[in-house]
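Chain by chain, the residues run as shown.
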Amino acid sequence: MRATALKDFPYSRDGLTILHAREGQDFDCPDALVPGLLGAGYIAEPDAAAPKPQDPPKTDEAPKTDEAAAPTGRRGRKPAED
């Protein structure tokens, strides 16, 4: 889960390596640590009002191509028409 550190603290993802979260830093917090860090006031959840990425609108039309973008042969020439 993405979270924002409210104060500096060490944490570990694998139980061996110690990482350090810094105040104001947004970081990927291991899910198992979230309840304890939230309860102790070490992290805040990102704003629910923050904009979320959206998928581009879907269209039923195939992408338009023009002749200049047509595939070319091995030597950069357009293939011969039969």
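Before reading further, recall that the structure is shown in the block above.
Since this is a predicted model, take the numbers as computed values, not measurements.

Participant: Residue-level account of the overall build of the protein, with values.
Facilitator: Along the protein, the regular secondary structure elements total 1 helix and 5 strands. Split into buried and exposed, the 82 residues of the protein put 13% on the buried side. Accessible surface for the protein amounts to roughly 7,300 Å². Of this, 52% is attributable to carbon and sulfur atoms.

Participant: Would you mind going over the nonpolar core in detail, with residue names and values included?
Facilitator: In this structure, Ala3, Ala5, Phe9, Tyr11, Ala21, Phe27, Cys29, Val34, Leu37 and Ile43 together form the largest nonpolar core, which totals 10 residues. Breaking this core down by element, the ones donating at least two residues are strand S1 (2–5), strand S2 (9–11) and helix H1 (34–40). Here valine 34 is in contact with Met1, Cys29 and Ile43, once residues within four sequence places are set aside.

Participant: For the sheet that holds strand S4 (residues 26–28), give the residues involved together with the corresponding values.
Facilitator: Sheet architecture is open: 3 strands sit in the order S4-S1-S5, paired in antiparallel fashion. Each edge of the open sheet carries a strand with a single partner, namely S4 and strand S5 (43–44).

Participant: Can you explain the packing of aromatic side chains? Please cite residues and give values.
Facilitator: The final tally for this structure, using the stated rule, is 4 aromatic pairs. A centroid spacing of 6.0 Å and a plane angle of 50° characterise the contact between phenylalanine 9 and tyrosine 11, whose relative ring orientation is tilted. Consider the rings of tyrosine 11 and phenylalanine 27, whose centres lie 5.2 Å apart with planes at 40°: the pair is tilted. Pair noted here: tyrosine 11 is in strand S2 and phenylalanine 27 is in strand S4, with a separation of 16 residues, a long-range link. No difference in accessibility class separates tyrosine 11 from phenylalanine 27, as the two residues are buried.

Participant: Could you give me a rundown of the environment of phenylalanine 9, with the residues and numbers involved?
Facilitator: Turning to its location among the elements, phenylalanine 9 is positioned in strand S2. For the pair phenylalanine 9 and arginine 22, spaced 13 residues apart in the sequence, the C-alpha separation amounts to 6.8 Å. When residues no more than four places from it in sequence are discounted, the contact partners of phenylalanine 9 are Leu19, His20, Ala21, Phe27, Leu37, Tyr42 and Ile43.

Participant: Would you mind going over the environment of arginine 13 in detail, with residue names and values included?
Facilitator: On the secondary structure map, arginine 13 appears in the loop between S2 and strand S3 (19–21). On the basis of relative accessibility, which here comes to 45%, the residue arginine 13 falls in the partly exposed class. Note: C-alpha distance between arginine 13 and cysteine 29 (16 residues apart in sequence) is 8.3 Å. Dropping the residues within four chain positions of it, arginine 13 is found in contact with Leu19, Asp28 and Pro30.

Calculation rules
- Residues numbered from 1 in each chain as written.
- Predicted model: local features only at pLDDT ≥ 70, side-chain atom pairs only at ≥ 80, totals over all residues.
- Heavy atoms only, no water.
- Helix = DSSP H or I, 4+ residues; strand = E, 2+ residues; numbered from the N terminus.
- Buried < 20%, exposed > 50% of the residue type's maximum accessible area, 1.4 Å probe, protein only.
- Areas by Shrake-Rupley, 256 points an atom, 1.4 Å probe, with all protein chains shown as cover.
- Core = buried A, V, L, I, M, F, W, Y, C linked by side-chain atoms within 4.5 Å.
- Contact = heavy atoms within 4.5 Å.
- Pairing = 2+ DSSP bridges.
- Phe/Tyr/Trp six-rings, centres within 6.5 Å; stacked < 30°, edge-to-face > 60°.

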